[in-house]
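One letter stands for each residue in the lines below.
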Amino acid sequence: YSIVSPPSNGAVSSLDSVSGQALYSPESDVSGADSFVFEVVYADGSNDQVIAKIAISSVNDTPVVDNPLLDLVVDEDGDETVVDLTDVFADADIQTDQDQLNYSVALTGADLLLSHSVVGTQFKFQPQPDKNGTVVIRVTATDSENARASEEFAVTVTPVNDQPVAVGSIKPVLVEQDSVDVRIDLDPFFSDQDILAAAASDDTDVLTILGLSLIHI
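Summary of the structure given here. Owing to the predicted nature of the structure, the values given are computational and were not obtained by experimental measurement.

**Comments concerning the overall build of the protein**
Each helix and strand counted, the protein has 2 helices and 16 strands in total. Out of the 217 residues in the protein, the part that is buried amounts to 23%. Accessible surface computed for the protein: about 15,200 Å², of which carbon and sulfur atoms make up 50%.

**Observations concerning the nonpolar core**
Leu85, Phe89, Leu114, Ile137 and Val155 are the most contacted members of the largest nonpolar core, which has 20 residues in total. Mapped by element, the contributors of at least two residues to this core are strand S12 (122-127), strand S13 (133-142) and strand S14 (148-158). Not counting the four nearest positions on each side in its chain, Leu85 is found in contact with Leu69, Tyr103, Thr121, Phe123 and Val139. If you look at the next biggest cluster of nonpolar residues, it comprises 5 residues, including Phe36, Ala52, Ile54 and Ile56.

**Some points on the environment of Asp71**
Secondary-structure assignment places Asp71 in the loop between strand S6 (64-65) and strand S7 (72-75). Once the C-alpha coordinates of Asp71 and Val155 are considered, the two residues, 84 residues apart in sequence, prove to be 5.9 Å apart. Residues contacting Asp71, with those up to four places away along its chain left out, are Phe153 and Ala154. One polar contact links the side chain of Asp71 to the main-chain amide nitrogen of Ala154, over a distance of 2.9 Å.

**Quick word on the side chain of Asp93**
By the element assignment, Asp93 lies in helix H1 (residues 92-96). Beyond its immediate chain neighbours, meaning those up to four positions away, Asp93 contacts Val59, Asn60, Asp61, Gln98 and Asp99.

**Some remarks on the sheet that holds S12**
Taken together, 3 strands build an open sheet; the order of strands is S8-S12-S11 and the sheet is antiparallel. In this open sheet, the two edge strands, each paired with only one partner strand, are strand S8 (81-84) and strand S11 (114-119). In this sheet, neighbouring strand axes are inclined to one another by 20 degrees on average, regardless of whether the strands run parallel or antiparallel. Sheet analysis places S11 next to S12, joined by 6 bridges and oriented antiparallel. Following the sheet pairing, His116 is matched in S12 by Phe125.

**Looking at a nonpolar patch on the surface**
Judged by side-chain polarity, Ile170, Val173, Val175, Val182 and Ile184 come together as a nonpolar surface patch covering roughly 410 Å² of accessible area. Tracing the backbone through its elements, the reader meets Ile184 in the loop between strand S15 (165-166) and strand S16 (190-191). We classify Ile184 as partly exposed; its relative accessible area is 43%.

**Quick notes on the sheet that holds S13**
The strands making up a sheet are joined through hydrogen bonds of the backbone, oriented either antiparallel or parallel. One open sheet accounts for 4 strands, arranged S7-S14-S13-S10; its pairing is mixed. The open sheet terminates on both sides in strands that have one partner only, identified here as S7 and strand S10 (102-108). Put simply, the sheet's adjacent strands are angled 30 degrees from each other on average, direction ignored. Where S10 lies against S13, 7 bridges are found, and the strand directions are antiparallel. Paired with Ser104 across the two strands is Thr140, which belongs to S13.

**Points about the environment of Val105**
One can find Val105 in strand S10. Considered as a pair, Val105 and Ile137 are 32 residues apart in the sequence and their alpha carbons are 6.7 Å apart. Apart from the residues within four sequence positions on either side, Val105 is in contact with His116, Val118, Phe123, Ile137, Arg138 and Val139.

**Considering the packing of aromatic side chains**
Counted under the stated rule, the structure contains 5 aromatic pairs. Each residue in the set Tyr1, Phe36 and Phe38 is aromatic and connected to the rest through ring pairs, giving one cluster.

What counts and what doesn't
- Residues numbered from 1 in each chain as written.
- Predicted model: local features only at pLDDT ≥ 70, side-chain atom pairs only at ≥ 80, totals over all residues.
- Heavy atoms only, no water.
- Helix = DSSP H or I, 4+ residues; strand = E, 2+ residues; numbered from the N terminus.
- Buried < 20%, exposed > 50% of the residue type's maximum accessible area, 1.4 Å probe, protein only.
- Areas by Shrake-Rupley, 256 points an atom, 1.4 Å probe, with all protein chains shown as cover.
- Core = buried A, V, L, I, M, F, W, Y, C linked by side-chain atoms within 4.5 Å.
- Contact = heavy atoms within 4.5 Å.
- Polar contact = N/O pair within 3.5 Å; in protein donor to acceptor, adjacent residues only side chain to side chain.
- Pairing = 2+ DSSP bridges.
- Axes fitted to C-alpha atoms, helices over the stretch in contact; angles between N-to-C directions.
- Patch = residues over 30% accessible without salt bridge, like charges linked within 9 Å, V, L, I, M, F, W, Y side chains within 5 Å.
- Salt bridge = Lys/Arg side-chain N within 4 Å of Asp/Glu carboxyl O.
- Phe/Tyr/Trp six-rings, centres within 6.5 Å; stacked < 30°, edge-to-face > 60°.

Here is the structure:
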């Protein structure tokens, strides 16, 4: 026995030239039909050529991480960010069996830091108003047979200075001529989100009155 024409999608090894037994090994991630031709030489010198036909059944391949995601840094109150997941994962079945991947995300590390959604192969997120910190995002790709792979990356939302705002009006204050100093507490009439957030972090911010306009009535 001898091989005349080798297979296209695999290899024949350990061919026993006397018994005709051989070991066929398909290539990785290949399914479908294959064949090879072998020749038999008889004792009288005559010969025949025979086609060995092989059916390679498919098995599901687990998705793998192909291009890891990089950590991201965005500004507090920033615009929406879109992360394309198309090339992050690879699955051999997509090319051979028209398999497809579905994506899901899970966030850990900071409650309500981001609003987010997954639309097709795009992960979209935006910082919640006046929120900053770091969150770890776990992206999972799942194929049609529930095999899955996951990848993690971090998103850090850096704080930005918030404009103070007036939250009330000061009622007119009447004082008599030559009276002693009158103290007016201005704290309740202005608000700064950075000061409110300082209670939950190590950041500090203060408001300073730079000037007053006096109106004589």
